[in-house]
Amino acid sequence: MNIQYVGEHLFWGYTGRFTLFVAFFSAIFAAFAYYRASATGRLDYRQWRSWGRKAFRLHSLMVGLASVVLLYILLSRFYEYRYVWIHMENSLSLGYRIASFWAGQEGSLLFWALCQAVFGLLLIRYARQWEMQAMTIFSVSQVFMISMLLGLRFGNTAIGLDPFLLLRMATENLDNHFFHNPDYLALITDGNGLNPLLRNFWMLSHPPVTFIGYAAVLVPFCYAVAGLWRGKFHDWIRPALPWTILGVFFLGAGILLGGVWAYESLTFGGFWAWDPIENASLVPWLILVAGLHIMFVSQKKRHSYAPAFLFVILAFVFVIYATYLTRSGVLSDTSVHSFGSDGMGNHILFYLFTFLIIGLVLLFKMYRRLPSKDGEQMFTRDFWLFVAALVLVLSAFQIIFSTSIPVFNKLLGTQLAPPANVVAYYNKWQLPFAVAIALVMGFTHFIRWGSNDLKTFMLRISFSLALALIATLLIALLYGIAGIGHILMLFAALFALFSSLDMLFRFRKQLLGTGGAVSHLGIALFLLAILLTFSKKTIISENTSGFFLGEHFKETENLLLIKGDILPMGEYYVSYAGRRFDGERFHYQVDFLKKNQKGEYFKAFSSFPSVLLNERMGNVYEPYAKVFPLRDIFTYVTFADLSQETDADPFTQVDAFSIAVGDTVLLDNNQLIFKDITTETLTDWEHDNNVRIVAVMELKTHFGINYPVEPAFIFADGAVIHQDHLVREMNVKFRFLRLDDEPYTIDLALYEEEPEFIIIKTVIFPMINLLWFSIVILLIGLWISFNSRKNAVR
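To start, this report covers the structure provided alongside it.

Focus: the overall build of the protein
Right, on to step 1. Broken down by element type, the protein carries 19 helices and 23 strands.
Right, on to step 2. In terms of overall dimensions, the protein has a C-alpha envelope of 120 × 85 × 50 Å along the principal axes.
Right, on to step 3. A fraction of 67% describes how many contacts in the protein between residues 6 or more apart in sequence connect residues 24 or more apart.
Right, on to step 4. When the accessible surface of the protein is summed, it comes to about 36900 Å², and 60% of that surface belongs to carbon and sulfur atoms.
Right, on to step 5. Each charge class in the protein was averaged separately, 61 positive and 60 negative side chains, and the resulting centres sit 29 Å apart.

Here it is as structure tokens:
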């Protein structure tokens with residue numbers, strides 16, 4: 001059926017798709033040309049290199065144009081495109097409209113390819129003698145990246161996803177009669193919208209920084225392969241080091257920004273939840289850090305080349321594996337970060353195994369030619385740097401093995417059970433690795449390259465050891481650190497901290513310029529902050545309301561707050577003050593109170609947790625952290641009535657009874673006393689004989705406060721009007737229904753207000769600001785390290 005559709009902006013889709021196909025074939029030609037230029041002894045290598053450069057520049061231009069087109073159709077809200085309709089909606093602000101570029105599979109892959117294209121252009125400019133071999137591998141990687149965006153289909157076989165696919169051409173819509181209407185686009189007034197979990201400030205920074213990190217890790221991989229290819233096992237290290245540090249910097253920054261995002265926006269209550277996708281991004285970072293330190297050893301001592309090559313190769317391979325875990329759908333049931341299954345799994349695995357085979361085959365082929373160390377001395381810096389690297393890699397493999405249990409079950413048909421308590425499981429396994437890393441880091445500061453004298457070493461180390469021992473005893477006693485594992489970690493982190501400070505003060509002119517000691521200081525502070533913050537994390541929201549919360553809420557962790565009530569919580573008293581709706585979110589105000597010496601309440605601060613409403617994809621409960629210098633008080637709503645009907649009568653009739661003058665009725669633990677009936681004639685009405693009858697009563701409460709109650713029954717102009725009496729303090733009202741047949745007797749109705757309430761959870765995170773400070777110090781140290789070595793790339 002040939003339908004002439006109205007209003008579709010087809011030019012941009014054709015343009016975007018054309019640029020991707022040109023980018024794909026130009027990357028293939030660039031890889032071929034660079035490979036031909038790399039052939040040993042070719043006299044025409046300059047011509048092939050020139051063709052390779054031109055092809056890669058064309059490739060980069062096309063990737064850039066495809067990115068501009070995708071961003072344009074997103075910002076223009078062309079809902080005829082599937083990617084735009086899924087991730088865009090009219091109400092999104094400009095920042096989130098831009099962030100929707102990398103919100104889905106296709107856009108994030110394109111952004112990653114764009115980042116790699118930029119790094120490829122930098123390599124062409126700075127790689128010099130390494131350009132041909134490195135860019136061969138780099139171009140092959142781009143071939144794989146762009147192939148995942150071609151959106152081709154051959155029968156039941158699909159090659160990649162199409163970011164410019166029309167909504168009506170999507171597989172799920174081919175039989176949808178809605179798209180038989182030529183003017184269907186006029187009926188699509190809004191898009192599905194950005195996932196509410198992604199509507200956060202950190203969405204603007206965490207994903208792009210992470211993808212920049214992924215792209216940066218490819219560069220040292222290419223240098224390592226080029227070094228093996230050319231048989232220059234030492235020379236590749238110097239130009240690769242700045243790129244390796246840059247990869248550590250950006251990948252680390254992306255991971256840490258994700259941690260900040262999780263802390264501020266997710267309700268699991270912490271910086272790191274050992275989510276499978278978090279783990280998958282951490283593993284290549286750990287391995288790359290290990291590779292970086294072995295590269296220092298190889299550059300300085302001209303040995304240990306095999307682990308340097310291996311770790312750098314594995315770092316990028318695990319970047320691809322992290323992509324597989326995220327995009328294959330294998331973790332869709334166990335991770336909030338995972339995409340659903342779009343058939344990309346096998347495609348990514350082919351990419352992964354291609355690069356793994358390239359790296360390992362070359363390494364095994366050249367292994368016998370690698371220079372080896374004559375003898376092994378344990379009391380040397382290079383030995384202990386190797387030990388540190390090995391600990392990092394073992395830590396990474398423990399993480400990735402446990403994270404990959406769903407993968408093993410899917411690929412091998414096994415039925416391995418993942419850990420039940422994920423956080424406790426990983427914390428238990430990773431604690432010894434953290435202690436070992438901190439201790440080795442502290443000791444290595446005082447071990448020189450080459451031979452060392454034990455007596456001199458002990459003299460150098462004694463001051464930091466003594467300070468660490470004293471500080472460990474004081475903090476353990478005063479702060480309440482218990483358990484041998486936590487005490488060992490406390491000592492190790494303090495030892496690494498004091499040794500880093502010792503080295504910085506002794507050799508500040510030399511070390512501040514290289515950044516290594518500054519980075520180590522950041523790591524030591526980070527480990528210390530992790531221990532001080534999460535070992536003493538305290539949930540203070542025990543339910544003191546007297547109401548049963550139900551089986552879905554732990555009584556020891558959740559507190560029910562009725563609006564206006566004041567309940568004790570930890571060192572505070574709390575009161576729910578109310579809520580406001582801004583059209584998208586409910587914002588709740590919870591006042592934290594204290595008592596003065598007179599027993600009067602005063603407000604210490606207010607917390608403002610919120611709930612972002614989204615009918616299509618589910619509501620998001622957003623925490624609020626009240627920041628203090630030494631702790632954060634972290635509060636979020638675990639349950640609330642999200643009805644937006646604020647004008648409905650909140651009172652419900654709970655009882656009706658007859659009562660005579662002089663009677664006393666027991667209402668719960670309170671007494672209602674009927675004292676008298678009064679009448680008055682109403683003159684301000686159209687007709688005569690209008691009367692107002694008032695029941696004069698008193699409500700005596702069990703806590704000693706009495707309230708007047710005077711509901712009225714009005715007969716005016718042939719109509720009956722009820723004037724209810726509200727006792728606001730008791731959240732009840734009384735209605736004079738009618739006069740009874742018995743003298744001085746009336747029928748009275750009792751109404752109770754459905755109380756507005758929320759359930760909250762509040763957690764205290766001590767010393768969390770030390771964690772943020774340590775991250776800043778670590779990144780500063782890495783940037784100093786890159787800056788001190790950046791000339792090596794030229």
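Brief notes about unusual backbone geometry
Right, on to step 1. For R77, which is not a glycine, the phi torsion comes out positive at approximately 55 degrees.
Right, on to step 2. Along the polypeptide, R77 turns up in the loop between α2 (45-75) and α3 (82-87).
Right, on to step 3. We note that R302 has phi near 60 degrees; this positive angle belongs to a residue other than glycine.
Right, on to step 4. Checked against the element boundaries, R302 lands in the loop between α9 (276-301) and α10 (305-327).

Describing the packing of aromatic side chains
Right, on to step 1. Evaluated as defined, the whole model comprises 63 aromatic pairs.
Right, on to step 2. The interplanar angle of 65 degrees and the centroid separation of 5.4 Å between the aromatic rings of Y263 and W772 together place this pair among those described as edge-to-face. A residue pair is termed long-range when its members are at least 10 positions apart, and Y263 in helix α8 (residues 237-265) and W772 in helix α19 (residues 768-789) qualify at 509 residues.
Right, on to step 3. Taken together, the ring pairs in this structure connect F101, W102, F111, W112, F211 and Y214 into an aromatic cluster.
Right, on to step 4. Stacked on the ring of W51, the Lys or Arg K54 has its end atom at 5.4 Å from the ring centre.
Right, on to step 5. The side chain of K733 reaches across the aromatic face of Y751, ending 5.3 Å from its centre.

Notes on the sheet that holds strand β22 (residues 745-753)
Right, on to step 1. Spatially, four strands are ordered β13-β22-β21-β20 in an open sheet, and the strand pairing comes out antiparallel. The outermost strands of the open sheet, each flanked by one partner alone, are β13 (651-660) and β20 (725-727). Across the sheet, the mean angle separating the axes of adjacent strands is 25 degrees when strand polarity is ignored.
Right, on to step 2. Pairing geometry for strand β21 (residues 732-739) and β22, over seven bridges, is antiparallel. In the sheet register, L739 faces β22, and the bridge partner there is I746.

Let's talk about the environment of K537
Right, on to step 1. Within the fold, K537 resides in the loop between α18 (516-534) and β3 (538-539).
Right, on to step 2. Taking C-alpha positions, K537 is 9.7 Å from M767, a pair spaced 230 residues apart along the chain.

Here's the deal with the pattern of salt bridges
Right, on to step 1. A full pass over the atoms with the stated rule returns 17 salt bridges.
Right, on to step 2. A salt bridge links E8 to R168, with the nearest nitrogen and oxygen atoms 2.6 Å apart. Here the residue E8 occupies a position in the segment before α1 (10-38), and R168 occupies one in the loop between β2 (157-159) and α7 (206-230), the gap between them amounting to 160 residues.
Right, on to step 3. Residue E8 is classed as buried on the basis of its relative accessible area, which comes to 14%.
Right, on to step 4. Here R168 falls in the buried class, since its relative accessible area comes to 16%.

Let's talk about helix α6 (residues 131-147)
Right, on to step 1. Between its terminal C-alpha atoms α6 stretches 23 Å, which fits the 24 Å expected from 17 residues at 1.5 Å a residue.
Right, on to step 2. Counted residue by residue, α6 has 16 buried out of 17 residues, so it is predominantly covered.

Structural notes on the state of the cysteines
Note: disulfide means a covalent bond formed between the sulfur atoms of two cysteine side chains.
Right, on to step 1. The tally for this structure, following the rule as stated, stands at zero disulfides.
Right, on to step 2. Free of any disulfide, C115 has its nearest cysteine sulfur in C222, 15 Å distant.
Right, on to step 3. Overall, the relative accessible area of 0% leaves C222 in the buried class.

Section: the pairing of strand β12 (residues 631-640)
Right, on to step 1. Counting buried residues in β12 gives eight out of 10 residues, a clear majority hidden from the surface.
Right, on to step 2. Pairing between strand β11 (residues 624-627) and β12: four bridges, direction antiparallel. Bridge pairing in β12 places A625 opposite F634.
Right, on to step 3. Taking the residues that link successive antiparallel strands as the turn, the β11-β12 hairpin has three residues.
Right, on to step 4. Relative to strand β23 (residues 757-766), β12 is paired through nine bridges, and the arrangement is antiparallel. If you follow Y636 over to β23, its bridge partner there is K761.

Comments concerning empty space enclosed by the protein
Right, on to step 1. Going through the model one piece at a time under the given rule, you end up with one cavity of 30 Å³ or more.
Right, on to step 2. Computed from the structure, the largest cavity encloses a volume of approximately 40 Å³.
Right, on to step 3. Around the largest cavity, the lining residues are P196, L197, R199, N200, W261, S265, V620 and E622.
Right, on to step 4. Within the residue set of the lining of the largest cavity, elements represented by two or more residues are α8 and β10 (620-622).
Right, on to step 5. Of the residues belonging to the lining of the largest cavity, the class tally is four nonpolar, two polar and two charged.

Digging into α7
Right, on to step 1. The end-to-end C-alpha separation of α7 is 37 Å, in line with the 36 Å expected for 25 residues at 1.5 Å each.
Right, on to step 2. Burial analysis of α7 places 22 of its 25 residues in the buried class, which makes it a mostly covered element.
Right, on to step 3. Downstream of α7 by one or two residues, G231 has phi in the positive range, about 75 degrees.

Brief notes about the environment of M145
Right, on to step 1. Within the fold, M145 resides in helix α6.
Right, on to step 2. Judged by relative accessible area, which is 0%, M145 ranks as buried.
Right, on to step 3. When the C-alpha atoms of M145 and I245 are compared, they prove to be 23 Å apart, with 100 residues separating the residues in sequence.
Right, on to step 4. When residues no more than four places from it in sequence are discounted, the contact partners of M145 are L109, W112, A113, Q116 and Y351.

Describing the pairing of strand β19 (residues 719-723)
Right, on to step 1. The pairing of strand β18 (residues 712-716) with β19 spans five bridges and is antiparallel. Bridged to I714 within β19 is I721.
Right, on to step 2. Between the end of β18 and the start of β19, which pair antiparallel, lie two residues, with D717 showing a positive phi angle near 55 degrees.

What about the nonpolar core?
Right, on to step 1. Counting residues in each nonpolar core, the largest one holds 207 residues, and the members touching the most others are W236 and L325.
Right, on to step 2. Ranked by the residues each element gives to this core, the list is headed by α10, at 18 residues.
Right, on to step 3. Residues V611, L613, I633 and I760 belong to the second largest nonpolar core, which totals 22 residues.

Points about the side chain of S575
Right, on to step 1. By the secondary structure assignment, S575 is in strand β6 (residues 572-581).
Right, on to step 2. Of the polar contacts made by the side chain of S575, one reaches the backbone oxygen of D565; its length is 3.1 Å.

Conventions and cut-offs
Residues numbered from 1 in each chain as written. Predicted model: local features only at pLDDT ≥ 70, side-chain atom pairs only at ≥ 80, totals over all residues. Heavy atoms only, no water. Helix = DSSP H or I, 4+ residues; strand = E, 2+ residues; numbered from the N terminus. Contact = heavy atoms within 4.5 Å. Areas by Shrake-Rupley, 256 points an atom, 1.4 Å probe, with all protein chains shown as cover. Lys, Arg positive; Asp, Glu negative; His and termini not counted. Charge placed at Lys NZ, Arg CZ, Asp CG, Glu CD. Phe/Tyr/Trp six-rings, centres within 6.5 Å; stacked < 30°, edge-to-face > 60°. Lys NZ or Arg CZ within 6 Å of the ring centre and 35° of its normal. Pairing = 2+ DSSP bridges. Axes fitted to C-alpha atoms, helices over the stretch in contact; angles between N-to-C directions. Salt bridge = Lys/Arg side-chain N within 4 Å of Asp/Glu carboxyl O. Buried < 20%, exposed > 50% of the residue type's maximum accessible area, 1.4 Å probe, protein only. Expected span 1.5 Å × (residues − 1). Disulfide = S-S within 2.5 Å. 1 Å grid on protein atoms, 1.4 Å probe; cavity = no way out; pocket = protein on both sides within 12 Å on 5 of 7 lines; lining within 4 Å. Points joined across faces, edges and corners; volume = space filled by probe spheres on them. Nonpolar A, V, L, I, M, F, W, Y, C, P; charged D, E, K, R; others polar. Core = buried A, V, L, I, M, F, W, Y, C linked by side-chain atoms within 4.5 Å. Polar contact = N/O pair within 3.5 Å; in protein donor to acceptor, adjacent residues only side chain to side chain.

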